[in-house]
Amino acid sequence: MSVDTATVRRVARLARIKVTDDEAERMTNELNSILGFVEQLNEVDVAGVEPMTSVVSVKMRRRQDVVTDGEDAAAVVANAPVSEDNFFLVPKVVE
């Protein structure tokens, strides 16, 4: 797969990014280099390789799922810009 300058300009327009002709040409070369590297990765035989989340086998530490400061409602809303009866007040967004 390769990218041409028209594709770079189209993507830039969709992303609302102003790109000059020189920048579009440079980005075309850079994107084609990146895509070439990704195509090389497709050549690697990964049959029988188990997916992993880390290079080291580590069990994730988990914290207890307990309420910590919800018991003190006044402290929870203490930094809120506007609150009433220990509830956050927000502007109405739906009529």
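All values derive from a computational prediction rather than experimental measurement.

Colleague: Describe the packing of helix H1 (residues 5–14) against helix H2 (residues 21–42), naming the residues involved and giving the relevant values.
Modeller: Between two packed helices, both the angle of their axes relative to each other and the distance between the axes serve to describe the pair. Between H1 and H2, whose axes approach to 9 Å, the crossing angle comes to 110°. Classified by the interaxial angle, the pair formed by H1 and H2 is roughly perpendicular. From H1, Thr5, Val8 and Arg9 reach across to H2, where they touch Asp21, Ala24, Glu25, Met27, Thr28 and Leu31. Of the residues in the contact of H1 with H2, the class split is four nonpolar, two polar and three charged.

Colleague: Account for the pattern of salt bridges, naming residues and giving values.
Modeller: Going through the model one piece at a time under the given rule, you end up with two salt bridges. With a shortest N-O distance of 3.4 Å, aspartate 21 and arginine 9 are connected by a salt bridge. With aspartate 21 in helix H2 and arginine 9 in helix H1, this residue pair connects regions lying 12 residues apart in the sequence. Overall, the relative accessible area of 38% leaves arginine 9 in the partly exposed class.

Colleague: Kindly report on the environment of alanine 78, identifying the contributing residues and their values.
Modeller: Along the polypeptide, alanine 78 turns up in the loop between helix H3 (73–76) and strand E1 (83–84). A relative accessible area of 55% places alanine 78 in the exposed class. With 56 residues separating them in the primary sequence, alanine 78 and aspartate 22 have C-alpha atoms 54 Å apart.

Colleague: Go over a nonpolar patch on the surface, please, and point to the residues and values.
Modeller: Taken together, Leu31, Ile34, Phe37, Val38 and Leu41 make up a surface patch of nonpolar side chains, about 450 Å² in accessible area. In this fold, leucine 31 is placed in helix H2. Overall, the relative accessible area of 36% leaves leucine 31 in the partly exposed class.

Colleague: Residue-level account of the confidence of the model for the protein chain, with values.
Modeller: Summary statistics for the protein chain give a mean pLDDT of 88 and a share of 99% for residues scoring 70 or more. H1 holds the highest mean pLDDT among the elements of the protein chain, 94, whereas H3 holds the lowest, 86.

Colleague: So what's going on with the environment of glycine 70? Residues and values would help.
Modeller: Turning to its location among the elements, glycine 70 is positioned in the loop between H2 and H3. Classification of glycine 70 by relative accessible area gives partly exposed; the value is 47%. In this structure the C-alpha to C-alpha distance between glycine 70 and valine 56, which are 14 residues apart in sequence, comes to 37 Å.

Colleague: So, unusual backbone geometry: which residues are in play, and what are the values?
Modeller: In this structure, aspartate 85 is a non-glycine residue whose phi angle is positive, near 55°. Within the secondary structure, aspartate 85 is located in the loop between E1 and strand E2 (87–88). Positive phi outside glycine occurs at asparagine 86, with the angle close to 65°.

Calculation rules
- Residues numbered from 1 in each chain as written.
- Predicted model: local features only at pLDDT ≥ 70, side-chain atom pairs only at ≥ 80, totals over all residues.
- Heavy atoms only, no water.
- Axes fitted to C-alpha atoms, helices over the stretch in contact; angles between N-to-C directions.
- Helix = DSSP H or I, 4+ residues; strand = E, 2+ residues; numbered from the N terminus.
- Parallel < 35°, antiparallel > 145°, perpendicular 65-115°, else oblique.
- Contact = heavy atoms within 4.5 Å.
- Nonpolar A, V, L, I, M, F, W, Y, C, P; charged D, E, K, R; others polar.
- Salt bridge = Lys/Arg side-chain N within 4 Å of Asp/Glu carboxyl O.
- Buried < 20%, exposed > 50% of the residue type's maximum accessible area, 1.4 Å probe, protein only.
- Patch = residues over 30% accessible without salt bridge, like charges linked within 9 Å, V, L, I, M, F, W, Y side chains within 5 Å.
- Areas by Shrake-Rupley, 256 points an atom, 1.4 Å probe, with all protein chains shown as cover.
- pLDDT = per-residue confidence, 0-100.

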